[in-house]
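Working through the structure, step by step
Spelled out from the first residue to the last, the chains are:
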Amino acid sequence: MSPSASTQPRQIRNFIGGEFVDGVRTFDKFNPIDGSLIGEVHEAGPEEVARAVAAARAALEGPWGRMSVGERAQIMRRIADTIDRRSAELVAAEVGDTGKPEALARDLDVARAAANFRSFADTVSAAGLDSYLTELPDGRSALNYAIRKPLGVVAVIVPWNLPLLLLTWKLAPALASGNTVVVKPSEETPSSATLLAEILSEAGVPPGVVNVVHGFGEGSAGGYLTAHPGIDGVTFTGESSTGSAIMRAVAPRVRPVSFELGGKNAAVVFADANLDAAIAGLARSTFLNTGQVCLCTERIYVERAVFDDVAAGLAEHAGRLRLGRPGDPATTTGPLISQAHREKVLSYFELARAEGATVLAGGGIPTLGDGLDSGSWIQPTLWTGLDNSHRAVREEVFGPVAALIPFDTEDEAIALANDTEYGLAAVTWTSDLARGHRVAQRMRVGMSWVNTWYLRDLRSPFGGTGLSGIGREGGQHSIEFYTEPTNVCVQL
Ligand code: NAD
Ligand code: 6OD
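For the structure given in this document, a descriptive report is provided here. If you're wondering where the values come from, they're calculated on a predicted model, not measured in any experiment.

**Examining the site of ligand 2**
- Neighbouring residues of ligand 2: R112, N161, L162, L165, L166, W169, E260, V293, C294, Y454, R456 and F462.
- A distance of 2.8 Å separates an oxygen atom of ligand 2 from a polar backbone atom of C294.
- One nitrogen or oxygen atom from the side chain of R456 is found 2.8 Å from an oxygen atom belonging to ligand 2.
- Relative to its unbound accessible area of 310 Å², ligand 2 is 99% covered by the protein chains.
- In a pocket analysis with a 2 Å cut-off to the grid points, ligand 2 is assigned to the largest cavity.
- The element best represented in the shell around ligand 2 is helix 6 (residues 163-176), accounting for 3 residues.
- Classifying every residue of the shell around ligand 2 by side-chain character gives 8 nonpolar, 1 polar and 3 charged.
- Each of domain 1 (3-261 + 468-491) and domain 2 (265-457) gives at least three residues to the shell around ligand 2.

**Side note on unusual backbone geometry**
- One non-glycine residue, D370, adopts positive backbone phi at about 55°.
- Its location among the elements puts D370 in the loop between strand 15 (358-361) and strand 16 (381-384).
- Its identity as a non-glycine residue notwithstanding, Y454 has a phi of 55°, on the positive side.
- One can find Y454 in the loop between strand 19 (447-450) and strand 20 (469-470).

**Regarding helix 1 (residues 46-61)**
- An ideal rise of 1.5 Å per residue puts 22 Å on 16 residues; helix 1 measures up with 23 Å between its terminal C-alpha atoms.
- All buried positions along helix 1 are accounted for by E48, V49, A52, V53, A55, A56, A59 and L60. Around the axis of helix 1, the buried residues are gathered within 155° of arc, so they sit on the same side. Every exposed residue of helix 1 that faces more than 90 degrees away from the buried side is listed here: P46, E47 and E61.
- For helix 1, the secondary structure elements touched by its buried residues are strand 2 (14-16), helix 2 (63-66), strand 8 (153-157), strand 9 (180-184), strand 10 (210-212) and helix 8 (221-227).

**Notes on the packing of helix 5 (residues 102-126) against helix 16 (residues 475-482)**
- Where helix 5 meets helix 16, the axes come as close as 9 Å, and the angle between the chain directions of the two elements is 75°. Considering their axes alone, helix 5 and helix 16 lie roughly perpendicular with respect to each other. The segment helix 5 lies against helix 16, with F120, T123 and V124 engaging G475, Q476, S478 and I479.
- Along the lines of polarity and charge, the residues of the contact of helix 5 with helix 16 split into 3 nonpolar, 4 polar and no charged.

Calculation notes
- Sequence order as written defines the numbering, with residues in each chain counted from 1.
- As a convention, the first chain written is A and the first ligand written is 1, with the rest following in written order.
- For a predicted model such as this one, the threshold for reporting local features is a pLDDT of at least 70, and the threshold for listing and counting side-chain atom pairs is 80 or more; totals across whole chains, interfaces and linings nevertheless cover every residue.
- Water and hydrogen atoms play no part in the side-chain values, which are based on all heavy atoms of the structure.
- One heavy atom within 4 Å of a molecule or strand is enough for the residue carrying it to be called near that molecule or strand.
- Here a polar contact is recorded for every N or O atom pair within 3.5 Å, except that within protein the pair must consist of a potential hydrogen donor and a potential acceptor, and residues adjacent in sequence are included only if both atoms are side-chain atoms.
- Residue-level accessible areas treat just the shown protein chains as cover; the underlying method is Shrake-Rupley with a 1.4 Å probe.
- Cavity: a set of points on a 1 Å grid over the protein atoms alone where a 1.4 Å probe fits but cannot get out. Pocket: an open set with protein on both sides within 12 Å along at least five of seven lines, its lining residues, like those of a cavity, having an atom within 4 Å of a point.
- Cavities and pockets are treated as containing a molecule whenever more than half of the molecule's atoms lie within 2 Å of their grid points.
- In DSSP terms, a helix is any run of H or I states spanning at least four residues, a strand is any run of E spanning at least two, and both are numbered starting from the N terminus.
- In this classification, the charged set is Asp, Glu, Lys and Arg, the nonpolar set is Ala, Val, Leu, Ile, Met, Phe, Trp, Tyr, Cys and Pro, and all remaining amino acids, among them Gly, are polar.
- The domain boundaries here were taken from an automatic or database domain assignment.
- Expected helix span is computed as 1.5 Å times (number of residues minus one).
- Burial classification: accessible surface area is computed with a 1.4 Å probe over protein chains only, and a residue below 20% of its type maximum counts as buried, one above 50% as exposed, and the rest as partly exposed.
- Arc definition: directions from the helix axis to the C-beta atoms.
- For this analysis, residues touch if any pair of their heavy atoms sits within 4.5 Å.
- Only C-alpha atoms enter the line fits that serve as axes; for helices the fit covers just the stretch in contact. Angles between N-to-C directions range over 0 to 180 degrees.
- Note on angle classes: values under 35 degrees are labelled roughly parallel, values over 145 roughly antiparallel, values of 65 to 115 roughly perpendicular, and the remainder oblique.

Here you go:
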C-alpha cells in the first residue's frame, strides 16, 4: 500500500527565482518538544546556491533595481500587513521548529518581523542626501553630494534562536535599500523562512529578489554561499567562531561584513536598586527563550549587602518557571533547540560543578512526563561560588543559566563586567540615575541598559564589540551597511 499524503513528511524546499525547488538531498528536522519529526529539509548544493546567486543578480538588474524608494517602501508595508494577517501560520512554523511558547513566538518573534519591515520602510523613506558646499581659498566652490546605491547581492545568514525576528531584522533593511538577497536560515529552523518566502511573493516582491537556500555551514549551503564570487556582502548573526570562518571565506574578495555574534553578558545590581524590579528583570534576562538570546545575562554581579536577597529572590523566580507544551497558557519556558545543544549546555553544568559551583537552582534535566521526556528540556539553573577565573563564567553557554558573584565597589563591578573578550550587552540596576548613566557608559559593550533589558527602539545602533561582532545595524546604521555611497563633486 502506498503511503497516503498525510503520512508523508512535510517537504521544506529551497526558494530560488520565485519557485520552490528540491535540494541535492534531504535532512530530517525534529521538534525539540518531544523529538517528533517536523519534516524533510532540502539541502542546497553548490549548483542550487549558484542558481540562487544568479537569480538575485538578475533581479537586481531587473525592475527591482529600478524601483523608486517610495515603491519599495510600499512593498515593505504590504509585507508587514501580510505577516500580521498570516501571523498564526508563522507562529506555528516558529513553534514547531523551536518549541518556544506560542505567546512568545506571537508577541516577540512574529510581532517583531512585521515591525522590522515597517520600521525600515520609514527609515528608508526619510533618508536624505548627504550634501555640502566646498569653498576653496581661490574663490571657487563645488557642490558635493553622495548618492546611496544598493550593495548588490547580499548573503543573509541567520541562527535558530529567534529565527524570523533575526532574519527580518537583516532582510528588511537589505530590501528597503534596494538589494537582492540569498538567505541561509539555520538548519535547525528552516520553516519560518520558507513560509516568509511565500509571504514576500504574495506581498509583491518580484521573483529572484529573495532566495532561500537550506543547509549547514562549511561544506554545505552556508559555505558555498560565502565562497561564491557573486556575493557583494555578508550580513550574519551567529557564533563568534562562525563569524571568523565567514571572514576568512570572504577575505580573498574583500567583501564587507556585518556581524552580530555571541556574548557573555553581565548584569550589575547595586544595593540601592529596587530589588523586586531587579530580580524580576534578571529572571527575564536570564531565562527568556530558555536563555537562548544573545543578549541574555549569564553573569550577575551583586553588591555584597544584597547578595543573599537577590540570590534567594532569583532562585524563587527560577522555581516558578513552568516548562511545558507551547500552547498551554501556563507555559513560560520551552526546551533547548536540540539534543546536541542540550549536550553542550549540560557539559557546562558539569564543568561549573567541577569548578566548585554551588547549584542554587536547577542543574540538570527535568522529568516532565506527558510525552515530553524525549524532548531537549533543561532546568533553569543558577550558580554561586564561582568567579571570573572560571571557564563557566567566561564562556558563552547559551542556555537558561547565570552565575551570581558578589562585589564591593562601583569600580570593581565595572571591572568585573568588562573582564571578557565579548562585548555585546550589559544591564545596570540602580535607583541612583547618575550612577546608572556613569556605569552604563563605562560598560565595554554595544548595548547598555539601565533598569530594563531588551527594550528596543529599532532606530538605535545594535551590535557588539570584541568577539561580539563587527558593525551596528538599526535605523540609519543598517542603511549605511546595505548601501554604497557614490560621491559626486560638481565645480560651480
Ligand atoms: P552558528 O554560528 O552555529 O550558525 C548560524 C548560521 O551560520 C546558521 O545558519 C549556520 O548554518 C551558519 N553557518 C555555520 N557555519 C557556517 C560557515 N562556515 N559558513 C557559513 N555559514 C555557516 O550559530 P547558532 O548556533 O545558530 O546560534 C547561536 C549563536 O548565535 C550564539 O553564539 C549566539 O550568541 C549567537 N547570536 C548572536 C546574536 C547577536 O545579535 N549578537 C543574535 C542571535 C544569536
Ligand atoms: O532585537 C534585535 O533587533 C536583535 N537583533 C536581537 C538579537 C537577539 C539575539 O539573540
